Amino acid sequence: MSSPDRDDTPVLITEAAPSYEEQHAARRKKYAIMMSLRFPCLILAALFANTWWLALFFIVLSVPLPWMAVLIANDRPPRKAEKANRYEVERRAIAPKSTTVIDG
């Protein structure tokens, strides 16, 4: 029973970190992407061998990639700053009653 007005996206109800498997998969993906950039840099350096400064640029770019890939892959992901959806009681002040005082 879902209405068209209703948003079916899940609501975050916990502040728990992602599971170890999810973190590991994300780190493996980052490592693979960074390491796959090294080989094209070396190929481009070979292609631009006639332009020495461009070939040097690609070689210098490819040297720190393995080091950076290992550092990023071994780093724990930062905690997300998402706010958990918690029930908060609405606090209202007690309104003074207007009472009628009868003298007499």
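Owing to the predicted nature of the structure, the values given are computational and were not obtained by experimental measurement.

(A) Geometry of the overall build of the protein. Within the protein one finds three helices and zero strands. For the protein, the N- to C-terminal ordering of α and β elements is α-α-α. Relative to its 104 residues, the protein shows a buried fraction of 12%. Across the protein, the fraction of contacts at a sequence separation of at least 24, relative to all contacts at a separation of at least 6, is 64%.

(B) Structural context of the confidence of the model for the protein. Mean pLDDT over the protein: 81, with 79% of residues reaching 70 or higher. No element of the protein has a lower mean pLDDT than helix α3 (residues 65-74), at 88, and none a higher one than helix α2 (residues 52-62), at 92.

(C) Spatial organisation of α3. For α3, the full list of buried residues reads Leu65, Ala69 and Ala73. The arc enclosing the buried residues of α3, seen along the axis, measures out at 60°, which places them on a common side. Turned more than 90 degrees off the buried face of α3, the exposed positions are Trp67 and Asn74. Those residues of α3 hidden inside the fold are in contact with α1 (20-47) and α2.

(D) Expanded view of the packing of aromatic side chains. Tallied over the entire structure, the rule returns two aromatic pairs. Ring geometry for phenylalanine 48 against phenylalanine 58: centres 6.0 Å apart, planes inclined by 20°, an arrangement best described as stacked. Of the two residues, phenylalanine 48 is situated in the loop between α1 and α2 and phenylalanine 58 in helix α2; the sequence distance between them amounts to 10 residues. With relative accessibility at 14%, the residue phenylalanine 58 sits in the buried group. Ring geometry for phenylalanine 57 and phenylalanine 58: centres 5.5 Å apart, planes at 65°, overall edge-to-face.

(E) Expanded view of the packing of α1 against α3. Packing of α1 against α3 brings their axes to within 9 Å, and their N-to-C directions diverge by 175°. For the element pair α1 / α3, the angle class is roughly antiparallel. Contact with α1, carried on its side by Arg27, Lys30, Tyr31, Met34, Met35, Leu37 and Arg38, involves Leu65, Pro66, Met68, Ala69, Val70, Ile72 and Ala73 of α3 and no other residues of that element. Along the lines of polarity and charge, the residues of the contact of α1 with α3 split into 11 nonpolar, no polar and three charged.

(F) Layout of the packing of α1 against α2. Where α1 meets α2, the axes come as close as 8 Å, and the angle between the chain directions of the two elements is 160°. The angle between α1 and α2 places the two elements in the roughly antiparallel class. As α1 runs across α2, the sense of the crossing is left-handed. Taken together, the residues of α2 that come into contact with α1 (itself represented by Arg38, Cys41, Leu42, Leu44 and Ala45) are Ala55, Phe58, Ile59, Leu61 and Ser62. Taken together, the residues of the contact of α1 with α2 break down into eight nonpolar, one polar and one charged.

Reading the values: rules and limits
Residues numbered from 1 in each chain as written. Predicted model: local features only at pLDDT ≥ 70, side-chain atom pairs only at ≥ 80, totals over all residues. Heavy atoms only, no water. Helix = DSSP H or I, 4+ residues; strand = E, 2+ residues; numbered from the N terminus. Buried < 20%, exposed > 50% of the residue type's maximum accessible area, 1.4 Å probe, protein only. Contact = heavy atoms within 4.5 Å. pLDDT = per-residue confidence, 0-100. Arc of directions from axis to C-beta. Phe/Tyr/Trp six-rings, centres within 6.5 Å; stacked < 30°, edge-to-face > 60°. Axes fitted to C-alpha atoms, helices over the stretch in contact; angles between N-to-C directions. Parallel < 35°, antiparallel > 145°, perpendicular 65-115°, else oblique. Nonpolar A, V, L, I, M, F, W, Y, C, P; charged D, E, K, R; others polar. Left-handed = near helix turned anticlockwise from the far one by under 90°.

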